[in-house]
Amino acid sequence: MRPTSAERPPSAPSLRFSTRQRLQQISTQQVYDVDSRNNLSTIESNTKSSPRVSIEDISEKTNQQRDLVPATPLRHLVFKKVTPGPVEVSIRCIFIRVGEIDTLNERYYAEVLLEASWEEPSFKGLQTRPFNPAINWTPELELMNGIGDLQDDITYSVHFNKHGFATVTEHHRLKGTLWERMELHHFPVDVQELSVSLTTSHSDKEMIFIRNLRKPSGVNRRVFTDEQEWFLFEHVDIEVTQEIDEYLDDGHNHPVVICSCHTARKYGYFIWNAYFLIFLITSASFTTFPIPLSNIHGRVQIACTLLLTSITFRWLCNKALPTISYLTAVDIYAIGNIFSLCLLNIYHGVIGYINFYNTSGAITSIQSLIIIDRYALGVFTILFFAYQIGTLIWMYLVPFKKRRLMIAKDNRHRSQTARKYPNEKSNIINLLPRTESKK
């Protein structure tokens, strides 16, 4: 097991050893002959990925299986690099099932189908040659954000085009819990990215990741456990980047691909139980102005009670969120209302002090204080409702903008899929290969 360069998530106590897990093990393979008539031949491997397997064990098993190959002059030709540049591995990702999304612990459960395809020049015109992952080149994928033991079923398929060129596809059916850093700046109207991060032990000089443009990626929305709390979008974003593994001395970059689907939180519960209640608590502060100035202690008592109620209610709302170092949208709204209550308390204290030390007792002085009090009520009312309207405008322009972008991507994804597969249903599961649908 190679050490990881990714930061260990503090909310994942069940993570073993590192966040990087090898998605390939050498085991007994059942090999089928390759059909030369544009059909798929599959090599089945009922294996499960385990973070306890080391690279040395895999290399030892690989050498043992290589020794079993009959000694022929062409034996070692499969290891010769034919292409002048790095091998292009096209990635396709389908989220077959998305389970529970745990915001507090920053993790989610998913069942994902990953396909890594690459051209194999050594198989050109040799339709009868079986593909053996113990001997032939493979991308050696590694999962970067897995938590605990993950189940990974691996199969291989080889496809020949009409010119005899071979394309090898490595299929991974991955099940388990994945870690994801939750971005809660716009909570509770946030959009979360649920990703599968993959890398490889090969350097960027040996292979690179690209998006599979021939076969669509997508999300199956029919089986979604948290449908009551989240809305799941259909499209999948595939981002290709690089990273340097500081635990290795080679100094090479290693390609990284991030396959992400997106979910939007259903905010109705938080609007009524957070925003609306905070609005009611703050608006109750208007009841302090009808109290006469001679009873100023009654004003201060009511305003302080509302202030303490707002602070307590805010701490109750934060129990549903992980410990983060920044303010969410509901935090900013609540603190803004608490600040207005603080200003109201200061005003009542100042005007009460002036009224108490008004030694002249002139009627004109009392009327002046009453006029100032009415102006203060008007200013406080204008500022209060301006803050509420500003919050609504900000929510429409900033958090909901990302939701509109996700909906536009969904519409574009559906239209592209309909053009490629006009005779198929819109669900991504109907577009899976037959070898996958039989599982």
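Because the structure is a prediction, the values reported are computed rather than measured. (Residues numbered from 1 in each chain as written. Predicted model: local features only at pLDDT ≥ 70, side-chain atom pairs only at ≥ 80, totals over all residues. Heavy atoms only, no water.)

Trainee: Describe in detail the overall build of the protein chain, supporting the description with residues and values.
Mentor: Summing up its helical and strand segments, the protein chain has seven helices and 13 strands in all. With 439 residues in all, the protein chain has 46% of them scored as buried. The contacts of the protein chain with a sequence gap of at least 6 include a subset with a gap of at least 24, amounting to 76%. (Helix = DSSP H or I, 4+ residues; strand = E, 2+ residues; numbered from the N terminus. Buried < 20%, exposed > 50% of the residue type's maximum accessible area, 1.4 Å probe, protein only. Contact = heavy atoms within 4.5 Å.)

Trainee: Summarise helix 2 (residues 268-283); cite the residues concerned and give the values.
Mentor: Given a rise of 1.5 Å per residue, 16 residues ought to cover 22 Å, and the 21 Å separating the end C-alpha atoms of helix 2 matches this to within 8%. Within the sequence span of helix 2, burial applies to Phe270, Ala274, Tyr275, Ile278, Ile281 and Thr282. (Expected span 1.5 Å × (residues − 1).)

Trainee: Go over the confidence of the model for the protein chain, please, and point to the residues and values.
Mentor: When pLDDT is averaged across the protein chain, the result is 79; 74% of the residues are at 70 or more. Across residues 1-18, confidence stays below pLDDT 50; counting only partners more than four residues off in sequence or on other chains, it has 57 contacts. Confidence drops under pLDDT 50 across residues 434-439; counting only partners more than four residues distant or on other chains, this segment forms seven contacts. (pLDDT = per-residue confidence, 0-100.)

Trainee: Kindly report on a nonpolar patch on the surface, identifying the contributing residues and their values.
Mentor: On the surface, Phe339, Leu343, Ile346, Val350, Tyr353, Ile354, Phe356 and Tyr357 cluster together into a nonpolar patch covering about 910 Å² of accessible area. Note that Ile346 resides in helix 4 (residues 329-356). We classify Ile346 as exposed; its relative accessible area is 54%. (Patch = residues over 30% accessible without salt bridge, like charges linked within 9 Å, V, L, I, M, F, W, Y side chains within 5 Å. Areas by Shrake-Rupley, 256 points an atom, 1.4 Å probe, with all protein chains shown as cover. Salt bridge = Lys/Arg side-chain N within 4 Å of Asp/Glu carboxyl O.)

Trainee: Requested: an account of helix 3 (residues 296-318), with residues and values cited.
Mentor: An α-helical turn contains 3.6 residues, so any two residues separated by three or four positions project in the same direction. Spanning 23 residues, helix 3 covers 34 Å between terminal C-alpha atoms, matching the ideal 33 Å at 1.5 Å per step. Among all positions in helix 3, only Ile296, Gly298, Arg299, Ala303, Leu306, Leu307, Ser310, Phe313, Arg314 and Asn318 are buried.

Trainee: Report on the pattern of salt bridges, specifying residues and quantitative values.
Mentor: Across all of its chains, the model carries eight salt bridges by this definition. For Asp237, the salt bridge is made with Lys409, and the minimal N-O distance between the two is 3.3 Å. You can see Asp237 sitting in strand 12 (residues 237-244) and its partner Lys409 sitting in helix 6 (residues 399-420), a full 172 residues away along the chain. By relative accessible area, which is 24% here, Asp237 ends up partly exposed. One connected set of salt bridges, linked through shared partners, spans Arg221, Glu234 and Arg414.

Trainee: I'd love a proper account of unusual backbone geometry, names of residues and values included.
Mentor: Cis peptide bonds are those with omega within 30 degrees of zero, and the linkage from Phe187 to Pro188 qualifies with 10°. Even without being a glycine, Glu106 presents a positive backbone phi close to 55°. As for its placement among the helices and strands, Glu106 is situated in the loop between strand 3 (87-102) and strand 4 (107-120). When its relative accessible area of 9% is taken as the criterion, Glu106 is described as buried. Phi at Glu140 takes a positive value of approximately 55°, unusual for a residue other than glycine. With respect to the helices, strands and loops of the structure, Glu140 is situated in the loop between strand 4 and strand 5 (141-143). Judged by relative accessible area, Glu140 falls into the partly exposed class, the value being 22%.

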